[in-house]
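Residue-level structure breakdown
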Amino acid sequence: MPANAEPELAQLVESWLTPLEHFYIRSHGPVPEIDPREYRLSVEGLVEKPLKLSLEDLEGLAQTETTATLTCAGNRRSEHSRQRKVEGVPWGPGAIGNARWQGVRLSEVLKRAGLRDEARHVWFEGLDQVAHQGQTIAFGGSIPLAKAMGDSPMAPGALLATRMNGQPLPADHGFPARTVVPGYIGARSVKWLGRIVVSDHPSPNHYLQEAYKLVVEDGDLAWAEAAAIY
């Protein structure tokens, strides 16, 4: 069963930085068992030089640290459901957390790979195995290239994080590496990151194209026409 958990609100507000034990957990499948010695992150697609990066490689690149809040797009869903039934985990107010994340800027890795002129989006694919409609898929999604490359003095556009609050990522939070995309919903910060694909279009992954959308009207057409939440 997927691990999904949130703290009591009283625990959550005790500290500006959320302790690991109080940081919400959102998973769509079992936590994968990953040998850090065998781990490789693939960078492919519209790049000049595809990469295969080990955990040691990632930690050997220039490191940066940022404090960023992650929240599940469905936070407080139980309150929404009082007015209109909403499918998904019936979260209270605790599916949100603030942490110090350390790792390498995604922009740095993409620059090393070399971007082709047609590049517009960056896909993320996890190493988890999610049961979906009789198939097994990976959790994934994408962000616009402009966001990926949009580093600022305040925060990186996106981070390939290997540490959380000064410690290696816990298994529930994406060990050995995950994306952290400040300012975007938690679903775009893909855990157990195994593959990055640079493309000219958004990811076809279910969790971008079909899930995590704000849909008011019922029906397949409404779902198809609704934009993905970022």
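Below: a short report on this structure. (Residues numbered from 1 in each chain as written. Predicted model: local features only at pLDDT ≥ 70, side-chain atom pairs only at ≥ 80, totals over all residues. Heavy atoms only, no water.)

For the coordinates displayed, the defined rule picks out six aromatic pairs. Each ring, one from Y24 and one from W91, has its centre 6.2 Å from the other, and the planes form 85°; the classification is edge-to-face. Taken together, the residues span a long stretch of sequence, with Y24 in the loop between helix 1 (9-12) and strand 2 (25-26) and W91 in the loop between helix 3 (77-80) and strand 6 (96-105) at a distance of 67 residues. As far as the burial class goes, Y24 and W91 line up, both buried. Where F139 meets Y207, the ring centres are 4.6 Å apart and the plane angle is 35°; that geometry is what we call tilted. On the criterion of sequence distance, the pair formed by F139 in the loop between strand 9 (135-137) and strand 10 (140-144) and Y207 in helix 6 (residues 206-209) is long-range, its members being 68 residues apart. (Phe/Tyr/Trp six-rings, centres within 6.5 Å; stacked < 30°, edge-to-face > 60°. Helix = DSSP H or I, 4+ residues; strand = E, 2+ residues; numbered from the N terminus. Buried < 20%, exposed > 50% of the residue type's maximum accessible area, 1.4 Å probe, protein only.)

Residues L106, V122, F124, I143, L160 and I196 are the most contacted members of the largest nonpolar core, which totals 40 residues. L106 has contacts with V122, F124, I143, A148, A158, L159, L160 and I196, leaving out every residue within four places of it along the chain. Among the nonpolar cores identified, the runner-up in size contains 16 residues, and C72, V89, L159 and A161 belong to it. (Core = buried A, V, L, I, M, F, W, Y, C linked by side-chain atoms within 4.5 Å. Contact = heavy atoms within 4.5 Å.)

Below, the discussion takes up the sheet that holds strand 10. Spatially, 4-3-14-7-10 is the arrangement adopted by the five strands of the open sheet, whose pairing is mixed. Edge strands, defined here as strands with exactly one partner in the open sheet, are strand 4 (51-53) and strand 10. For this sheet, the mean angle separating the axes of adjacent strands, direction not counted, is 20°. Relative to strand 14 (residues 193-199), strand 7 (residues 121-126) runs antiparallel, the two being bridged by six bridges. Its bridge partner lying in strand 14, E125 is registered against R195. Across the sheet, helix 4 (residues 106-113) is in contact with strand 3 (41-45), strand 4, strand 7, strand 10 and strand 14; its angle to strand 4 comes to roughly 135°. (Pairing = 2+ DSSP bridges. Axes fitted to C-alpha atoms, helices over the stretch in contact; angles between N-to-C directions.)

Glancing now at the pairing of strand 3. For a regular strand, the rule is simple: side chains alternate between the two faces of the sheet. Bridging between strand 3 and strand 4 involves three bridges; their strand directions are antiparallel. Bridging across to strand 4, L41 finds its partner in L53. In this structure, the hairpin formed by strand 3 and strand 4 is closed by a connection of five residues. Inspection of the sheet shows strand 3 paired to strand 14 by four bridges, in the parallel sense. Within the sheet, the bridge partner assigned to V43 lies in strand 14 and is I196.

Further remarks concern a negative patch on the surface. Residues E48, D117, E118 and D200 make up a contiguous surface patch of negative charge. Relative to the elements of secondary structure, D200 occurs in the loop between strand 14 and helix 6. (Patch = residues over 30% accessible without salt bridge, like charges linked within 9 Å, V, L, I, M, F, W, Y side chains within 5 Å. Areas by Shrake-Rupley, 256 points an atom, 1.4 Å probe, with all protein chains shown as cover. Salt bridge = Lys/Arg side-chain N within 4 Å of Asp/Glu carboxyl O. Lys, Arg positive; Asp, Glu negative; His and termini not counted. Charge placed at Lys NZ, Arg CZ, Asp CG, Glu CD.)

If you walk through the whole model with that rule in mind, you get six salt bridges. A salt bridge links E125 to R195; the nearest nitrogen and oxygen atoms lie 3.2 Å apart. Residue E125 is located in strand 7, and its partner R195 is located in strand 14; the two are separated by 70 residues in the primary sequence. Judged by its relative accessible area of 30%, E125 falls in the partly exposed class. Looking at R195, the relative accessible area reads 28%, which means it is partly exposed.

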